[in-house]
Amino acid sequence: MRWVRDPLLVVEGLTMRFGGLTAVRDLSFSVGRGDITALIGPNGAGKTTVFNCITGFYKPTSGLMALSTGGPVRLDEVAALASTGHRYKCVDDQIGADGVFLLERMPDFEIARRARVARTFQNIRLFSGMTVLENLIVAQHTPLMRASGWTIKGLFGAPQYRQAEAAAMKRARYWLEHIELTHRADDAAGSLPYGDQRRLEIARAMCTDPVLLCLDEPAAGLNPRESLELNTLLRTIRDHHATSILLIEHDMSVVMEISDHVVVLEYGLRISDGTPESVRNDPKVIAAYLGVDDDEVAQVEAEVGL
Amino acid sequence: MDTTDGGTPVSDGALPSPRFPIEDALRSAGLWALVTLGLCFPIVAFETLQDFSNRLTIEARPLLVLFAVAAVFAGRLGWLAVRYHGLPQLLPATRFELTPERKKQLPRIGLAALLIFPFFALLLTGQGGAVKWIDNFGVQILIYVMLAWGLNIVVGLAGLLDLGYVAFYAVGAYAYALIATYVIPATVPGLGPWAFWICLPIAGILAAFWGILLGFPVLRLRGDYLAIVTLAFGEIIRLVLINWVEVTNGNAGIRTPYITFFGLPFSSRTGETTFGDVFALPGSPAVHRSMFLYYTILALALLVAVATQRLRRLPIGRAWEAMREDEIACRSLGINTVNTKLTAFAIGAMFGGLAGAFFGARQGFVNPRSFEFMESATILAIVVLGGMGSLVGVAIAAVAVIGGIELLRELSFLKQIFGPEFDPGQYRMLIFGLAMVLMMIWRPRGLVGARQPTIALDGNAKAISASHVKEGHG
């Protein structure tokens, strides 16, 4: 129950309306530090909308999303910060420093840069005309930009920048080995097979050194062997890096196998929240996923308390 | 398709037919000739002339039509024969293979050629003809190389379609004209001889400032919308230059001080010591001046090339290219795309401004007529033709386009074929347009479509095929 004891991200009363359509309604959940949290639900339940709100690509209609990188999210601290009108509070105002971040107030690139939330996309978004290695180097833009003295020092080949680039190369090499793509490092990312592109997108997100990695259907389109490899990769990330994972997934073999915490959405509402075990046996979840026969509706409704 | 020794054609996939289908070929060529005849009828066949009493008369030009029809007929027939038989053996024997080592040497050979070009021209054409070759060809082409390299940052690297690039060229030229003609003589006349070198950085900074000014309103626009707004921006600058008569002198333009060699004039009517006197150089002042202009613009263009190469290997350059590939992914990685776009606009504009200041100093005169939309279109055509993002490709395209347009002025020998009435200059744009169409069929992604990676694991990365590289859409 780390998501209660030591929450990294707390989402409170998140609502997202598109005109007359309410995609997400008053959603609350938290993501535990060091957990793999799965966000599941039938198609159109609003999972990707939640992702887009967390990563700043959508501005939520209302709600609060607080992320704390120092210690657990404390609601009193968040309330104090919210009343000041600031977007975040962090040590020395440094990029990448620990602090508390109100994600609903921050623009997308700042969420990635300051709050250190990285993400992948349902339809892969690699820089297809750049090499695999370049994709991993672009992901380290923020530290490299600082080392290049906002380009000026870099133009004259400052040693500081060369060191930073060597460090970026080292990190890129590390991830290349982990996703087993070292032999294709200098090939165009667009020329890789689908499964490799999926792994590369995860590695690219990891190169930003995130505290929270949001994966939108990482197993979509993978064969069973590739799914298994993905499980191993995600476990490695959780166990060996200070990165918590939030993922949207339809592949139950992935969800039940690796997640520590599952949140179930249906029609924008949270219908279940707990360990994989408890969610699997939740009648509401079973009803949502499998549907029920007509003559059992009354019985099931009574069971789930509708 | 390749040919065996016996000359029997072997095409991929299809079975070789026993002989060249001459009737089909003749029919096809005849059809092409007929279409040409139809097209020629209204455009080429008649010419309107004014006779001595100023009346409009129509004169038929049957010979010209006949020539065009015959040329198309023969061309089509020849093309079919080549396609069927393959090219005769002479081509494979002399084929030049562009190995990676040779490719690496290419920029160095090009640079050496550029450095010796003025002396080569002087040697071949003598004092009289050299000015034309150095100034009209060399300097003119290099100005466009520099402009195209500058635009390449915005269009080729950052993927932002800019149809109003000439505006920054104008800003640079007018910055030089106004400061060198009015501001410096009025405030510190002693600096007069240095006017060009003082104005150069100022023109660059001013143009960069205007680049950012253009960048802000168009940040949210993509594709066609961006292109239209940038086009409008270019026209606004030009219209302001025409109508703000008190400052710019409108269409009459501004006469600017001639460029000097760091204070030493190249020619003098009042008997001052000139550049030629001091260095005891032979030859006319015009040659000295054009050589100085040539090496100045060469240095400026190389500055753009070196800066571009360096920027590509820096985070800012990689962010430009990443933005061209996928803007949303960029934002998800913490890249501020607003700043990234603005820097691309600013740096591209700055190089345009530097070229503009040089243009002002070279012409000795600026007026708004030099900054029409056609200039933007030509620069963009060079970038697209060269292959977006490739410095070598863009440079070759500039030589081909600008050099080609200039060379087409030289076709006076055609007068011997078509009679003294024939003016080849009128066909310049037609031939140029045709060449562009053929180029785009032959190489749709430009001369050098492949992209060179900016960093590699094993030192020697291969180029990325154009099919993976995106063109950008915003």
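Described in the following lines is the structure provided in the data block. (Residues numbered from 1 in each chain as written. Chains lettered and ligands numbered in written order. Predicted model: local features only at pLDDT ≥ 70, side-chain atom pairs only at ≥ 80, totals over all residues. Heavy atoms only, no water.)

1. Quick notes on the overall build of chain B
Link 1 in the chain: Across its full length, chain B carries 17 helices and six strands.
Link 2 in the chain: Per-residue burial for chain B yields a buried fraction of 45% across its 474 residues.
Link 3 in the chain: In the form shown here, chain B has an accessible surface area of approximately 24600 Å², with 68% of it arising from carbon and sulfur atoms. (Helix = DSSP H or I, 4+ residues; strand = E, 2+ residues; numbered from the N terminus. Buried < 20%, exposed > 50% of the residue type's maximum accessible area, 1.4 Å probe, protein only. Areas by Shrake-Rupley, 256 points an atom, 1.4 Å probe, with all protein chains shown as cover.)

2. Focus on the state of the cysteines
Link 1 in the chain: In the structure shown here, the tally under the stated rule is zero disulfides over all chains.
Link 2 in the chain: Sulfur of cysteine 53 of chain A: no disulfide; nearest cysteine sulfur belongs to cysteine 214 of chain A and is 12 Å away. (Disulfide = S-S within 2.5 Å.)

3. Some points on the packing of helix H11 (residues 315-325) of chain B against helix H13 (residues 337-363) of chain B
Any two packed helices are characterised by the angle at which their axes cross and by the distance between the axes.
All names here are of chain B.
Link 1 in the chain: Taken N-terminus to C-terminus, the directions of H11 and H13 make an angle of 105 degrees; their axes are 10 Å apart at the nearest point. Comparing their axes, H13 and H11 come out roughly perpendicular. Here H11 contributes Ile316, Ala319, Trp320 and Met323 to the contact with H13, which in turn contributes Thr337, Thr340, Lys341, Thr343, Ala344 and Ile347.
Link 2 in the chain: Residue composition of the contact of H11 with H13, by class: six nonpolar, three polar and one charged. (Axes fitted to C-alpha atoms, helices over the stretch in contact; angles between N-to-C directions. Parallel < 35°, antiparallel > 145°, perpendicular 65-115°, else oblique. Contact = heavy atoms within 4.5 Å. Nonpolar A, V, L, I, M, F, W, Y, C, P; charged D, E, K, R; others polar.)

4. A look at the interface of chain B and chain A
Link 1 in the chain: The partner chain A presents 44 residues to the 34 residues of chain B that form the contact.
Link 2 in the chain: Here chain B packs against chain A, burying approximately 3300 Å² in sum over the two surfaces, 65% of which is carbon and sulfur.
Link 3 in the chain: On the chain B side of the interface with chain A, the three residues burying the most area are Leu333, Ile455 and Leu457 of chain B, jointly 22% of the side's total.
Link 4 in the chain: Across the chain B-chain A interface, the total number found is four salt bridges.
Link 5 in the chain: Where aspartate 326 of chain B meets arginine 125 of chain A, a salt bridge forms, and the shortest distance between an N and an O atom there is 3.0 Å.
Link 6 in the chain: Taken together, chain B and chain A are joined by 15 residue pairs in polar contact (both at pLDDT 80 or more).
Link 7 in the chain: When residues of the side of chain B that touches chain A are assigned to their parent elements, the largest contribution, seven residues, is made by H11 of chain B. (Buried area = accessible area lost by both parts, 1.4 Å probe. Salt bridge = Lys/Arg side-chain N within 4 Å of Asp/Glu carboxyl O. Polar contact = N/O pair within 3.5 Å; in protein donor to acceptor, adjacent residues only side chain to side chain.)

5. Let's talk about helix H1 (residues 22-43) of chain B
Residues and elements named next belong to chain B.
Link 1 in the chain: The first and last C-alpha atoms of H1 sit 31 Å apart over 22 residues, in line with the 32 Å expected at 1.5 Å per residue.
Link 2 in the chain: For H1, every residue scored as buried is listed here: Ala25, Ser28, Ala29, Ala33, Thr36 and Cys40. Buried residues of H1, viewed axially, fall in a sector of 135 degrees; they line one side. Facing away from the buried side of H1, by more than 90 degrees, are the exposed residues Arg27, Leu31, Leu34, Phe41 and Pro42. (Expected span 1.5 Å × (residues − 1). Arc of directions from axis to C-beta.)

6. So, helix H2 (residues 62-85) of chain B
Link 1 in the chain: Taking 1.5 Å as the rise per residue, H2 of chain B with 24 residues should run 34 Å; its terminal C-alpha atoms sit 34 Å apart, in good agreement.
Link 2 in the chain: Those residues of H2 of chain B that sit buried are Leu64, Val65, Val69, Arg76, Leu80 and Tyr84 of chain B.

7. Let's talk about the packing of aromatic side chains
Link 1 in the chain: For the structure shown, the criterion picks out 18 aromatic pairs over all chains.
Link 2 in the chain: Three or more aromatic residues joined by ring pairs form one cluster here, namely Tyr165, Phe168, Phe209, Trp210 and Phe233 of chain B.
Link 3 in the chain: Directly above the aromatic system of phenylalanine 127 of chain A lies the positively charged group of arginine 204 of chain A, at a separation of 4.7 Å from the ring centroid.
Link 4 in the chain: Geometry around tryptophan 442 of chain B places arginine 443 of chain B over its ring, the cationic atom sitting 5.4 Å from the centre. (Phe/Tyr/Trp six-rings, centres within 6.5 Å; stacked < 30°, edge-to-face > 60°. Lys NZ or Arg CZ within 6 Å of the ring centre and 35° of its normal.)

These results come straight from atomic positions and should not be treated as a statement about function.
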